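Take a look at the letters that make up each chain.
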Amino acid sequence: CKNVWFLQLLDLLESKEHVIITGAALGGSVASLFTLWLIETFEPTLKRPLCITFGSPLIGDAKLQQILENSLRNSCFLHVAYASQTPINTDFKPFGTFLICFDSECISIDDPEAVMELLGGTNTDQVVGLIDYGEVLDRLDQTVMEDSRLRIDDVITRMEERAEKKKLRYDQLKKLNDIKISMIY
């Protein structure tokens, strides 16, 4: 049974379709962990999944954030969060891209420090998981009709472009490191 499930998952990652994993609140944390497992388990030549979470608590510490920060894997995560959502534990650090929503608009940001500042909102009346993200998406959908720059395909394309830029930067640093090692010998 496990092998059948594993093979079906492999077929899905080898297909031309986008693989999108989602979750809300604690389910978003599970979705993030599952996506990290997928990325580490399957060959890096396969298409990377996209994980979209809604109002999920932060997972991972500073070490995980550092590992993912300059990695292609970081581009696999889009976290939708309401600005007044306070991180459950400040020892956990953000990674990936965050779509942080306020009452009337949203901002996309991937700077971990800025994300922590924006998520530490002052409104403590709202509890993680009680925000109606359906309404948030409806507002975004209305914005999409008004502004074509916010189409999901464009968002995915821009995330893929950022991932390619990070890959190029990583390859150049690896080459430089190889040159330094060869100079030693």
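Data block above holds the structure.
Residues numbered from 1 in each chain as written. Predicted model: local features only at pLDDT ≥ 70, side-chain atom pairs only at ≥ 80, totals over all residues. Heavy atoms only, no water.

Caption draft 1: Summary view of unusual backbone geometry. Residue Ala25 is not a glycine yet carries a positive backbone phi of 55°. Within the secondary structure layout, Ala25 lies in the loop between strand S1 (20–24) and helix H2 (26–41). A relative accessible area of 23% places Ala25 in the partly exposed class. (Helix = DSSP H or I, 4+ residues; strand = E, 2+ residues; numbered from the N terminus. Buried < 20%, exposed > 50% of the residue type's maximum accessible area, 1.4 Å probe, protein only.)

Caption draft 2: Looking closely at the side chain of Ser56. Position of Ser56 relative to the elements: it lies in the loop between strand S2 (50–54) and helix H3 (62–69). Judged by relative accessible area, Ser56 falls into the buried class, the value being 11%. A polar side-chain atom of Ser56 sits 3.4 Å from a polar atom in the side chain of Thr53. Not counting residues up to four positions away in its chain, the partners in contact with Ser56 are Ala25, Gly28, Ser29, His79 and Gln85. (Polar contact = N/O pair within 3.5 Å; in protein donor to acceptor, adjacent residues only side chain to side chain. Contact = heavy atoms within 4.5 Å.)

Caption draft 3: Expanded view of the environment of Ile39. Here Ile39 shows up in helix H2. Ile39 sits ten residues away from Pro49 along the chain, and the two C-alpha atoms are 7.7 Å apart. Dropping the residues within four chain positions of it, Ile39 is found in contact with Pro49, Arg73, Cys76 and Phe77.

Caption draft 4: Inspection of the environment of Gly60 at higher detail. As for its position among the elements, Gly60 is in the loop between S2 and H3. Residue classification places Gly60 among the buried positions, given a relative accessible area of 18%. Distance from Gly60 to Phe92, taken between C-alpha atoms, is 5.3 Å for residues 32 residues apart in sequence. Excluding anything up to four places from it in sequence, Gly60 contacts Asp91, Phe92 and Lys93.

Caption draft 5: Local environment of the pattern of salt bridges. In total, this model carries one salt bridge according to the counting rule given. With a closest N to O distance of 2.3 Å, Arg73 and Glu40 form a salt bridge. On the criterion of sequence distance, the pair formed by Arg73 in the loop between H3 and strand S3 (77–82) and Glu40 in helix H2 is long-range, its members being 33 residues apart. Residue class for Glu40 comes out exposed when judged on its relative accessible area of 52%. (Salt bridge = Lys/Arg side-chain N within 4 Å of Asp/Glu carboxyl O.)

Caption draft 6: Structural detail: the side chain of Gln65. Inspection of the secondary structure puts Gln65 in helix H3. In contact with Gln65, not counting residues within four places along its chain, are Lys93, Pro94 and Pro112.

Caption draft 7: Looking closely at the sheet that holds strand S4 (residues 97–101). Ordered by their spatial adjacency, five strands build an open sheet running S1-S2-S3-S4-S5, and the pairing between neighbours is mixed. If you trace the sheet from one side to the other, it starts and ends with S1 and strand S5 (106–109), each paired once. The average angle at which neighbouring strand axes cross in this sheet is 15°, direction not considered. Two elements, S3 and S4, share five bridges in a ladder whose sense is parallel. (Pairing = 2+ DSSP bridges. Axes fitted to C-alpha atoms, helices over the stretch in contact; angles between N-to-C directions.)

Caption draft 8: Structural view of the nonpolar core. Ranked by size, the top nonpolar core spans 16 residues in total, and within it Leu13, Leu36, Leu38, Phe42, Phe77 and Phe95 carry the most contacts. Every element with two or more residues in this core is listed here: helix H1 (2–14) and H2. Per element, the largest residue contribution to this core is four residues, and it comes from H2. (Core = buried A, V, L, I, M, F, W, Y, C linked by side-chain atoms within 4.5 Å.)

Caption draft 9: A nonpolar patch on the surface, seen in detail. A contiguous nonpolar patch, built from Ile181, Ile184 and Tyr185 and spanning about 420 Å² of accessible area, is present on the exposed surface. Summarising the element assignment, Tyr185 is placed in the segment after helix H6 (152–184). In this structure Tyr185 comes out as exposed when scored by relative accessible area, which is 81%. (Patch = residues over 30% accessible without salt bridge, like charges linked within 9 Å, V, L, I, M, F, W, Y side chains within 5 Å. Areas by Shrake-Rupley, 256 points an atom, 1.4 Å probe, with all protein chains shown as cover.)

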